[in-house]
Amino acid sequence: MHHYPDARSVVRAFSPDEPVILNRPQAAARAARFFTEKFPGKSLYAVKANPSPDLIKVLWDNGITHYDVASIAEVRLVRATLPGAELCFMHPVKTERAIREAYFEHGVRTFSLDTVEELEKIVTACTSEAGEPALDLRLCVRLRVSSEYSELSLAAKFGVDLADAAPLLQATRQHCDWLGVCFHVGSQAMTPFAYVQALERVRAAVAEAGVVIDMIDVGGGFPSVYPGMEPPPLEDYFDVIHRHYEALPIAYNAELWCEPGRALCAEYSSLVVRVDKRRGDELYINDGAYGALYDAAHVEWRFPVAALEDDLRDADREFSFYGPTCDDADFMQGPFLLPGDIQAGDYIEIGMLGAYGAAMKTGFNGFGNAEQFVVEDEPMASLYRGDRVRPVTDNVVSLR
Ligand SMILES: *Cc1c(COP(=O)(O)O)cnc(C)c1O
């Protein structure tokens, strides 16, 4: 991959007609080191946030040894990229064939579940042809917890209710020597308290079940920085999690895990787009809802933007974006702050798209190509630079 100092130099070199993805391996490396050094347990990378093999290698080189995979395609991809990585199949609904391939061909031992049916499926899939049951399964019961402190809910779909958790934990314990409890508080959790209420629920489930627990996985949800969303420092999250984890009634040698997606890769990528047309305060750009800007369109997420031209003089004003496809839904409300004299032909950098941005591009309507370059400058925002001013009101809950 070609290296450039920054977005402007890429634009000067190519005047690209198509959107361009800029990757910052140094930013992902810094995030990985932060988690491996400061999280009081093991940090897995949730591959769905960005499955790029280049990124996965950067994370591995900076201490991330365990990977949360959710599909057989992710299992194969990470195994092919990192033969030595520990893969954890953390989607609670899998096919029997996917489980069997993961166990017998890719060395996966850790699986999550939230029903007795899934438990039976895992046990059957991992039984040998000679009928020998697997003795080395590491199973993780996914508990449903509240998403009320997060910007994106992950509460509706997965997780056993507290009322049904004890019998499932007891049944699962019969089939493994290593039993974990996992949950996900929702993505972009804006306060550490999200994890407190979840760990309280874990405590209730474990106390009622009366089984030995070997691992607690607090999932993802660790935030990144976006306009209008300034979370407290991640150290606050780690402190609160550690304190409440230490108070749980679990095995003395139990492990603490987390599975960040967004926090490890949001700073990895930005996107350079061109303005193809201007209509008042609406800019028609060449990427959108079916490209890397899915969240900007569908959940009105605001991303930082910067104009890349030197000749713009006017003060900033608020713009909305239209993407390139013919669908009215290909619209991003913003507001995005850009110089008032920006016009067709000008380029814009949109930051913080390494998580759930670059990974979600589609080819709908013939758009979706994007060249990739490595750039050496800082991401447009960072939780890891060390110069961040602590927000005045800590633990602000910003809910939509
Ligand atoms: C999506 C997901 C993650 C990562 O979530 P982030 O909010 O990006 O940190 C972690 N674990 C599971 C099970 C997930 O589905």
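Sequence order as written defines the numbering, with residues in each chain counted from 1. The predicted origin of the model limits local features to residues at a pLDDT of at least 70 and limits the giving and counting of side-chain atom pairs to 80 or more, whereas totals for whole chains, interfaces and linings rest on all residues. To obtain the side-chain values, all non-hydrogen atoms of the structure were included, while hydrogens and water were left out.

A. The arrangement of the pattern of salt bridges in detail. When a carboxyl oxygen of Asp or Glu lies within 4 Å of a side-chain nitrogen of Lys or Arg, that pair is called a salt bridge. This model, assessed by the stated rule, comprises 21 salt bridges. In this structure, Arg76 and Glu101 form a salt bridge, with 2.7 Å as the shortest nitrogen-oxygen distance. Note that Arg76 is positioned in helix H4 (residues 72-81) and Glu101 in helix H5 (residues 96-106), a separation of 25 residues in sequence. Only protein chains enter the accessibility calculation, which uses a 1.4 Å probe. A residue is then buried if its area is under 20% of the maximum for its type, exposed if over 50%, and partly exposed in between. By relative accessible area, which is 17% here, Glu101 ends up buried. Of the charged contacts, one joins Asp287 and Lys361 as a salt bridge, the two residues approaching to 2.4 Å between their closest N and O atoms. Pair noted here: Asp287 is in the loop between strand S14 (282-285) and helix H11 (294-298) and Lys361 is in the loop between strand S18 (347-350) and strand S19 (371-375), with a separation of 74 residues, a long-range link. We count a stretch as a helix when DSSP gives it H or I for four or more residues in a row; a strand needs E for two or more, and each element gets its number in order from the N terminus.

B. Highlighting the site of the ligand. We call a residue near a given molecule or strand whenever any one of its heavy atoms falls within 4 Å of it. Near the ligand lie 14 residues; those nearest to it are Lys48, Ser187, Glu259, Arg262 and Tyr356. At a separation of 2.5 Å, an oxygen atom of the ligand approaches a polar side-chain atom of Ser187. For the ligand, a nitrogen atom lies 2.4 Å from a polar atom in the side chain of Glu259. Working definition of accessibility: Shrake-Rupley area with a 1.4 Å probe, residue cover restricted to the visible protein chains. Here the ligand loses 91% of its free accessible area of 390 Å² to cover by the protein chains. Residues are said to line a cavity or pocket when one of their atoms sits within 4 Å of a point; the points come from a 1 Å grid over protein atoms alone, cavities being sets where a 1.4 Å probe fits but cannot get out and pockets being open sets with protein on both sides within 12 Å along at least five of seven lines. Any molecule with more than half of its atoms within 2 Å of a cavity's or pocket's grid points is regarded as sitting in that cavity or pocket. Here the ligand is seated within the largest pocket. In this classification, the charged set is Asp, Glu, Lys and Arg, the nonpolar set is Ala, Val, Leu, Ile, Met, Phe, Trp, Tyr, Cys and Pro, and all remaining amino acids, among them Gly, are polar. Taken together, the residues that form the shell around the ligand break down as four nonpolar, five polar and five charged. N or O atoms within 3.5 Å of each other form a polar contact, as long as, within protein, one can give a hydrogen and the other can take it, and as long as residues adjacent in sequence are counted only when both atoms are side-chain atoms.

C. Here's a closer look at the layout of surface pockets. Grid points are joined across faces, edges and corners, and a volume is the space filled by probe spheres set on the points. Each pocket or cavity is described by its volume, and for the largest pocket that value is around 730 Å³. Surrounding the largest pocket, 31 residues form its lining, Lys48, Leu154, Phe158, His184 and Tyr356 being those nearest its centre. Looking at the lining of the largest pocket, the elements that each hand over two or more residues are helix H10 (262-265) and H11. Looking at the lining of the largest pocket, its residues break down into 15 nonpolar, eight polar and eight charged. When residues are assigned to domains, the lining of the largest pocket turns out to be shared by domain 1 (3-22 + 268-375) and domain 2 (25-265), each giving three or more. Domain limits in this description derive from either an automatic procedure or a database domain assignment.

D. Broad picture of the domain arrangement of the chain. Taken domain by domain, the chain holds domain 1 (3-22 + 268-375) and domain 2 (25-265). Between the C-alpha centres of domain 1 and domain 2 the distance comes to 33 Å. Taken together, both faces of the contact between domain 1 and domain 2 bury some 1,600 Å²; the carbon and sulfur share is 64%. Here the quantity called buried area is the total loss of accessible area, with a 1.4 Å probe, experienced by two parts when brought into contact, counted for both. Interface area lost by domain 1 to domain 2 is led by Tyr268, Trp301 and Tyr356, which between them contribute 51%. One can count four residue pairs in polar contact (both at pLDDT 80 or more) joining domain 1 with domain 2. A breakdown of the residues in the side of domain 1 that touches domain 2 according to their chemical character gives 12 nonpolar, two polar and one charged.

E. The arrangement of the side chain of His106 in detail. The residue His106 is located in helix H5 in this model. Judged by its relative accessible area of 13%, His106 falls in the buried class. A distance of 2.9 Å separates the side chain of His106 from the side chain of Glu101, its partner in a polar contact. With residues near it in sequence (within four places) discarded, His106 still touches Val75, Arg76, Arg79 and Glu101. For this analysis, residues touch if any pair of their heavy atoms sits within 4.5 Å.

F. Just the pairing of strand S6 (residues 110-113), in detail. Neither face of S6 is left uncovered, since the one carrying Thr110 and Ser112 and the one carrying Phe111 and Leu113 both have all their residues buried. Strand pairing follows a simple DSSP-based rule, namely that at least 2 bridges must link the two strands. As judged from the two bridges shared by strand S5 (residues 86-89) and S6, these two strands associate in the parallel manner. Each residue of the ladder has a partner; that of Phe89, found in S6, is Phe111. By convention, orient the strands away from the viewer: a clockwise path from the first strand over the helix to the second makes the crossover right-handed. Regarding topology, H5 serves as the crossover connection from S5 to the parallel S6, and that connection is right-handed.

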